[in-house]
Amino acid sequence: MANNIEVKDLLDAGVHFGHLTRKWDPNMAPYIYMERNGIHIINLYKTAAKIDEANEALKKIAASGRKILFVATKKQAKDIVAEKAGKANMPYITERWPGGMLTNFVTIRKAVKKMASIDRMKKDGTFMTLSKKERLQVDRLRAKLEKNLGSINDMTRLPGALFVVDIKREHIAIKEAQKLNIPIFAMVDTNSDPRQVDYVIPANDDASKSIENILTHVTDAVIEGLSDRKAEKEAKKAEKEAAAAAPAPKAEVKAEAPKTEAPKAETAAPAKAEAPAKEETK
């Protein structure tokens, strides 16, 4: 996968532009190449290596069947995340982060189920039995739930990982994931503390071109993991079918030892030889 990450492409996308030097976080020092015109420049060779490292881990998580939740509520990242995560069939949050999304997941699931129950009402005709005012209220509730939680309606359990664009902005999501020991993958700019993240991708998290470039690499790895999982399932299925279709091995017939006839019992016992008659004594 490392071969696909060209430093030139990262450069063209402006991934190397950090924040103003006065806004930097000293913990980002290992990822900074230099300072130019009062702006920190990110070392793209390190970025490429970190993308590769993150991709390997994300691929394994996707192959294990767990979900990766993508989080980006900033304007320039919203549409890109919705498109890329949707393409990889992964849940995402691009509106306001719902407090307790992870730490109070049961309540969030109830809200998602509420959305499903409204859909059922519309299908079975119950919706039309409500008054006009009630229908309007239900429609508004459905629209609100769809806006905030529509992209996570398939997420039936806690995600296997979190991918965040701009950890400063999404600090609540980061804290919740840390509490639950959910691995955090993130694009981290020069003004953020990389110690909060398990898999750091040092990159410009403000420019849409930079965000798109990183997310393309990341979601491609997720899709690869999913296709590996699918291939493995199909291989197992084919194996089972082959085993079921194969004729059952015939039981071996053991060669019987030739029967030896038991000697027949004689019907009559042989007559005893009579003792010679004694001569009569005269």
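Below is a short write-up of the structure. (Residues numbered from 1 in each chain as written. Predicted model: local features only at pLDDT ≥ 70, side-chain atom pairs only at ≥ 80, totals over all residues. Heavy atoms only, no water.)

For the rest of this paragraph, the subject is the overall build of the protein. Helix and strand counts for the protein come out as seven helices and eight strands. Taking all 282 residues of the protein together, 38% fall into the buried category. Sequence separation of 24 or more characterises 65% of the internal contacts of the protein that already satisfy a separation of 6 or more. Counting only carbon and sulfur atoms, one obtains 52% of the accessible surface of the protein, whose full area is about 18100 Å². (Helix = DSSP H or I, 4+ residues; strand = E, 2+ residues; numbered from the N terminus. Buried < 20%, exposed > 50% of the residue type's maximum accessible area, 1.4 Å probe, protein only. Contact = heavy atoms within 4.5 Å. Areas by Shrake-Rupley, 256 points an atom, 1.4 Å probe, with all protein chains shown as cover.)

With 20 residues, helix α2 (residues 44-63) extends 28 Å between its outermost C-alpha atoms, agreeing within 8% with the 28 Å of an ideal straight helix rising 1.5 Å per residue. Within α2 the residues assigned to the buried category are L44, T47, A48, I51, A54, N55, A57, L58, K59, I61 and A62. At the N-terminal boundary of α2, the capping side chain belongs to N43, with an oxygen 3.0 Å from the backbone nitrogen of Y45. Just downstream of α2 lies G65, where phi reads positive at about 95°. (Expected span 1.5 Å × (residues − 1). Polar contact = N/O pair within 3.5 Å; in protein donor to acceptor, adjacent residues only side chain to side chain.)

So, on to the sheet that holds strand β1 (residues 17-20). Strand order in the open sheet formed by three strands is β1-β3-β2, and the pairing between neighbours is antiparallel. The open sheet is flanked by β1 and β2 (32-36), the only strands paired with a single partner. Going across the sheet, the axis of each strand differs from the next one's by a mean of 30°, ignoring polarity. Of the pairings in the sheet, the one linking β2 to strand β3 (residues 39-42) comprises four bridges and is antiparallel in character. In the sheet register, M34 faces β3, and the bridge partner there is I41. (Pairing = 2+ DSSP bridges. Axes fitted to C-alpha atoms, helices over the stretch in contact; angles between N-to-C directions.)

Once that is clear, we can look at the pairing of strand β4 (residues 68-71). Burial along β4 is two-sided: the residues I68 and F70 and L69 and V71 are all buried. Here four bridges tie β4 to strand β6 (residues 161-165), and the two strands are oriented parallel to one another. Each bridged residue has a counterpart across the sheet, and for I68 the counterpart in β6 is A161. Here two bridges tie β4 to strand β5 (residues 92-93), and the two strands are oriented parallel to one another. Residue F70 lies in a different strand from β5, and its bridge partner there is Y92.

This brings us to helix α3 (residues 75-87). Taken together, the buried positions of α3 are A77, I80, V81, K84 and A85. Its buried side turned inward, α3 meets β4, β5, β6 and α7 (208-245). At the C-terminal side of α3, N89 shows a positive phi close to 60°.

What follows covers the sheet that holds β6. If you walk across this open sheet you meet the five strands as β5-β4-β6-β7-β8, and the pairing is parallel. Each having just a single partner strand, β5 and β8 (199-202) make up the two edges of the open sheet.

The next thing to look at is the packing of α3 against α7. Running from amino to carboxyl end, α3 crosses α7 at an angle of 15°, the nearest separation of the two axes being 10 Å. The angle between α3 and α7 falls in the class roughly parallel. Every pair of crossing elements has a handedness; the one defined by α3 and α7 is right-handed. Here α3 contributes Q76, A77, I80, V81, K84, A85 and K87 to the contact with α7, which in turn contributes S208, I211, E212, L215, T216, T219 and I223. Split into classes, the residues belonging to the contact of α3 with α7 amount to seven nonpolar, four polar and three charged. (Parallel < 35°, antiparallel > 145°, perpendicular 65-115°, else oblique. Left-handed = near helix turned anticlockwise from the far one by under 90°. Nonpolar A, V, L, I, M, F, W, Y, C, P; charged D, E, K, R; others polar.)

All chains considered together, the criterion is met by two aromatic pairs. Ring centres of F70 and F163 lie 5.4 Å apart, and the angle between their planes is 35°; on these two criteria the pair is classed as tilted. With F70 in strand β4 and F163 in strand β6, this pair connects stretches of sequence that are 93 residues apart. Across this residue pair, the class does not change: F70 and F163 are buried. With centroids separated by 4.3 Å and ring planes inclined at 5°, the aromatic side chains of F185 and Y199 adopt a geometry described as stacked. Of this pair, F185 sits in strand β7 (residues 184-188) while Y199 sits in strand β8, and the two are 14 residues apart along the sequence. (Phe/Tyr/Trp six-rings, centres within 6.5 Å; stacked < 30°, edge-to-face > 60°.)

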